[in-house]
Amino acid sequence: AQSVAQPEDQVNVAEGNPLTVKCTYSVSGNPYLFWYVQYPNRGLQFLLKYITGDNLVKGSYGFEAEFNKSQTSFHLKKPSALVSDSALYFCAVRDGNDYKLSFGAGTTVTVRA
Amino acid sequence: DTAVSQTPKYLVTQMGNDKSIKCEQNLGHDTMYWYKQDSKKFLKIMFSYNNKELIINETVPNRFSPKSPDKAHLNLHINSLELGDSAVYFCASSPVAGGPRDTQYFGPGTRLTVL
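Throughout this description, residue numbers start from 1 for each chain and increase along the sequence as written. For naming, the first written chain is A and the first written ligand is 1, with later ones following in the order written. Per-residue local features are limited, in this predicted model, to residues with pLDDT of at least 70; the limit for side-chain atom pairs, both in listing and counting, is 80 or more; totals at the level of whole chains, interfaces and linings are taken over all residues. The basis for the side-chain values is all heavy atoms of the structure; hydrogens and waters are excluded.

Here we come to unusual backbone geometry. That bond from Thr7(B) to Pro8(B) is cis: its omega, -5 degrees, falls within 30 degrees of zero. We count a stretch as a helix when DSSP gives it H or I for four or more residues in a row; a strand needs E for two or more, and each element gets its number in order from the N terminus. Structurally, Pro8(B) can be placed in the loop between β1 (4-7) and β2 (10-13). Even without glycine at this site, Thr72(A) takes up a positive phi of about 45 degrees. Its place among the elements puts Thr72(A) in the loop between β8 (64-68) and β9 (73-78).

This is how it looks when you write it as structure tokens:
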């Protein structure tokens, strides 16, 4: 079985401040981890993924995520948030031996000017 | 230019009707998916096809039937629509099913409202 937890429903930050969106996962095999962003009334956009190798993964729009195997976490980060980063963020996990992608419940990020 | 497209974007219909949603991808991917996003934004996988073969068939009412005429298309037909079917339905595609190259790309969604 595989699952994802996003412990915060909402994250609020001021523009220019660092942004962190938390994610923890559970899989029985090797984890493949993903972050997606959903803007209002839009589809999900792929941001980045971790498959293997360097624990720090860089993605689109200045986002990065750090894989931590001992803490089973894959937190999304951005050093300096923009108002345009306000959106719904989903973490997802897939067991390396499986086809199915399991999504977290999502975290709504609001960046205030 | 659109990679994964869905039609229609909005669908409003009466209970008991039958409707279809269409999905097309021009990425040359082998695998396609249907997801349902409920009012709380929770995403649930419904079906997946790999090279026209059904590989994921989650527990959904049998009123929902996917059809894949070719690798680039995956349609969703819903019979006898119910109020609870109201949701946003997303199509996605991936180069392969499973493995490190499997990354899903999503369409814009179809908002279904059942009255």
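Turning our eyes to something else, we now look at the environment of Phe67(A). Residues and elements named next belong to chain A. Among the secondary structure elements, Phe67 is positioned in strand β8. A relative accessible area of 7% means that Phe67 is categorised as buried. Should any heavy atoms of two residues lie within 4.5 Å, those residues are considered in contact. Apart from residues no more than four positions distant in its own chain, Phe67 is found in contact with Tyr25, Pro31, Leu33, Tyr50, Asn55, Ser73 and Phe74. Partly exposed describes any residue whose relative accessible area lies between the buried limit of under 20% and the exposed limit of over 50%, with all areas from a 1.4 Å probe on protein chains only and scaled to the type maximum.

Sheets are built from strands paired through backbone hydrogen bonds, the pairs being either parallel or antiparallel. All names here are of chain B. Two strands pair if DSSP finds at least two bridges between them. Here we have four strands laid out as an open sheet, ordered β1-β3-β8-β7, and antiparallel in their pairing. With one partner strand each, in any of the chains shown, β1 and β7 (64-70) form the two edges of the open sheet. Strand-to-strand twist of the sheet, defined as the mean angle between neighbouring strand axes without regard to direction, takes the value 20 degrees. Bridge count for β1 against strand β3 (residues 19-25) is four bridges, and the pairing is antiparallel. Within β3, the position partnered with Gln6 by the bridge is Cys23. Helix axes are fitted to C-alpha atoms over the stretch in contact, other axes to C-alpha atoms as well, and angles between N-to-C directions run from 0 to 180 degrees.

Take the environment of Ile45(B) next. Counting through the fold element by element, Ile45(B) comes out in strand β5 (residues 43-50). The exposure class of Ile45(B) is buried, given its relative accessible area of 8%. For the pair formed by Ile45(B) and Val60(B), sequence separation is 15 residues and the distance between their alpha carbons is 9.6 Å. When near neighbours in sequence (up to four residues on either side) are disregarded, Ile45(B) contacts Lys100(A), Tyr33(B), Trp34(B), Tyr35(B), Ile56(B) and Glu58(B).

Turning our eyes to something else, we now look at the environment of Lys67(B). Residue and element names in this part refer to chain B. Among the secondary structure elements, Lys67 is positioned in strand β7. For the pair Lys67 and Leu54, spaced 13 residues apart in the sequence, the C-alpha separation amounts to 9.1 Å. Lys67 has contacts with Tyr49, His73, Leu74 and Asn75, leaving out every residue within four places of it along the chain.

Further remarks concern the state of the cysteines. Residue and element names in this part refer to chain A. Note on terminology: pairs of cysteine sulfur atoms within 2.5 Å are recorded as disulfides. Under the counting rule described, the total for this entry stands at two disulfides over all chains. Residue pairing for Cys23: its cysteine sulfur links by disulfide to Cys91, the two sulfurs lying 2.0 Å apart. Between Cys23 and Cys91, the S-S torsion sits near -65 degrees, and that sign places the bridge as left-handed. In this pair, Cys23 is assigned in the loop between β3 (19-21) and β4 (24-26) and Cys91 in strand β10 (residues 87-95), connecting sequence segments 68 residues apart.

What follows deals with the interface of chain B and chain A. Facing 25 residues of chain B, the contacting portion of chain A comprises 21 residues. Accessible surface is computed with a 1.4 Å probe, and the buried area is the amount of it that two parts give up when combined, taken over both parts together. For the pair chain B and chain A, the summed buried surface comes to about 1800 Å²; carbon and sulfur atoms form 58% of the total. It is Leu43(B), Pro100(B) and Phe106(B) that lose the most area in chain B upon contact with chain A, and together they represent 24% of the buried surface on that side. Think of a salt bridge as a Lys or Arg side-chain nitrogen and an Asp or Glu carboxyl oxygen that are within 4 Å of each other. Counting the contacts that link chain B with chain A gives two salt bridges. Lys100(A) is paired through a salt bridge with Glu58(B); the nearest N and O atoms lie 2.9 Å apart. We define a polar contact as two N or O atoms separated by no more than 3.5 Å, with the added condition that, inside protein, one atom must be a possible hydrogen donor and the other a possible acceptor, whereas residues neighbouring each other in sequence contribute only through side-chain atom pairs. Seen at the junction of chain B and chain A, the total is seven residue pairs in polar contact (both at pLDDT 80 or more).

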